[in-house]
Amino acid sequence: MQSNMYNRMQPLTFTLIQTHLHWEDKAANLAMLEQKINSINQVTEVIVLPEMFSTGFSMQPHLFAEDMQGETVQWMKRIAQQKKAIITGSVIIQEKDNFYNRLLWMLPNGSYGCYDKRHLFAYAGEDGHYTPGNKRLIASVKGWKINLQICYDLRFPVWARQQTPSLLEKPGDEVEYDVLLYVANWPERRNHAWQTLLTARAIENQCYVIGVNRVGADGNNIAHCGNSMVIDALGTVLYQKENEEAIFTIMLQKEALQEVRKKYPFLHDADHFNIINE
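Rules of the game
Residues numbered from 1 in each chain as written. Predicted model: local features only at pLDDT ≥ 70, side-chain atom pairs only at ≥ 80, totals over all residues. Heavy atoms only, no water. Helix = DSSP H or I, 4+ residues; strand = E, 2+ residues; numbered from the N terminus. Buried < 20%, exposed > 50% of the residue type's maximum accessible area, 1.4 Å probe, protein only. Pairing = 2+ DSSP bridges. Salt bridge = Lys/Arg side-chain N within 4 Å of Asp/Glu carboxyl O. Axes fitted to C-alpha atoms, helices over the stretch in contact; angles between N-to-C directions. Contact = heavy atoms within 4.5 Å.

Novice: Give me the lowdown on unusual backbone geometry, citing residues and values where you can.
Specialist: Of note in this structure, E24 is not a glycine but carries a positive phi near 50°. Within the fold, E24 resides in the loop between β1 (12-18) and α1 (26-38). Phi at Q206 takes a positive value of approximately 45°, unusual for a residue other than glycine. On the secondary structure map, Q206 appears in the loop between α5 (191-205) and β9 (208-212). Judged by its relative accessible area of 3%, Q206 falls in the buried class.

What follows is the structure, encoded as structure tokens:
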């Protein structure tokens with residue numbers, strides 16, 4: 001998933017789509033999101049949709065799951081090709097007898113990467129319906145490295161921690177990733193945790209953090225207030241929107257990120273560790 005046609009210092013542009021979702025109505029969600037994506041007039045390179053964007057946070061995967069040739073995956077391929085941009089968000093996928101909350105990183109040429117949510121939200125019963133993943137996905141585009149995660153993963157800092165073995169022989173130069181991206185259906189009642197943890201992940205990993213959340217009530221009458229955010233490596237909030245639908249495009253600068261890492265080479269002192277998957 002690597003593009004070699006760009007210089008590594010070029011900026012990267014993201015569009016965040018914070019939206020209401022039609023509860024367990026795939027056709028309505030895909031039509032609504034296509035309209036929103038087609039309304040983007042600015043040049044953009046990565047379009048970010050919420051977690052389970054085609055259904056909402058459903059615990060009925062047996063009714064709504066599809067395989068990797070299914071309707072939603074084909075929709076993502078078509079939209080990415082038409083918009084000439086990467087599309088990312090999570091959907092319900094079935095492989096054999098297992099269901100996954102799977103984030104797709106869909107390129108305009110139809111190739112894609114997958115990340116299966118590792119930390120399943122037992123509080124809502126997600127662990128009883130879905131199978132956890134055990135591999136991270138770090139996508140690469142234009143010299144940027146992007147760590148892709150889903151909602152509840154945000155509460156587990158070890159899973160997000162920069163893990164480059166050589167941190168940092170040349171401070172500010174070689175790190176595992178530059179952007180940490182979360183797609184979510186994060187409830188309003190835990191909004192303070194959402195904002196706090198997104199900021200913490202940016203500071204401790206010296207990276208940009210993007211969090212895209214939905215708005216509105218779901219089919220279980222759980223309210224979501226959005227608060228999609230973009231945060232820089234010092235913890236400064238570059239964008240935040242609460243309690244309304246929004247489409248926002250932002251250009252991130254690699255030079256600004258590298259300056260922070262060079263000026264404050266804290267990652268050089270990081271603990272080294274391995275995650276053991278059992």
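From this point, the narrative continues.
Novice: Give me the lowdown on the pairing of strand β3 (residues 86-95), citing residues and values where you can.
Specialist: Counting buried positions along β3 yields eight of ten residues, so the element is predominantly enclosed. Two elements, strand β2 (residues 46-48) and β3, share three bridges in a ladder whose sense is parallel. Across the sheet, the residue bridging to V48 is T88, located in β3. Bridging between β3 and strand β4 (residues 98-106) involves nine bridges; their strand directions are antiparallel. In the sheet register, S90 faces β4, and the bridge partner there is L103. Between β3 and β4, which pair antiparallel and follow one another directly, the connecting turn spans two residues, one of which, K96, has a positive phi of 55°.

Novice: Explain the pattern of salt bridges to me, using residue names and the numbers behind them.
Specialist: The final tally for this structure, using the stated rule, is twelve salt bridges. The closest approach of N and O atoms between K142 and E45, which form a salt bridge, is 2.6 Å. Of this pair, K142 sits in the loop between β6 (137-141) and β7 (144-150) while E45 sits in the loop between α1 and β2; the two residues are 97 residues apart in sequence, bridging distant segments of the chain. Residue K142 is classed as buried on the basis of its relative accessible area of 6%.

Novice: Could you give me a rundown of the sheet that holds β2, with the residues and numbers involved?
Specialist: Within a sheet, adjacent strands bond to each other through the backbone by hydrogen bonds, running parallel or antiparallel. Spatially, β5-β4-β3-β2-β1-β13 is the arrangement adopted by the six strands of the open sheet, whose pairing is mixed. Edge positions in the open sheet fall to β5 (112-116) and β13 (246-252), since each of these has one partner strand only. Put simply, the sheet's adjacent strands are angled 30° from each other on average, direction ignored. Together, β1, β2, β3 and β13 form the strand contacts of α1, whose direction differs from that of β1 by roughly 140°.

Functional significance is not addressed by these values, which are geometric in nature.
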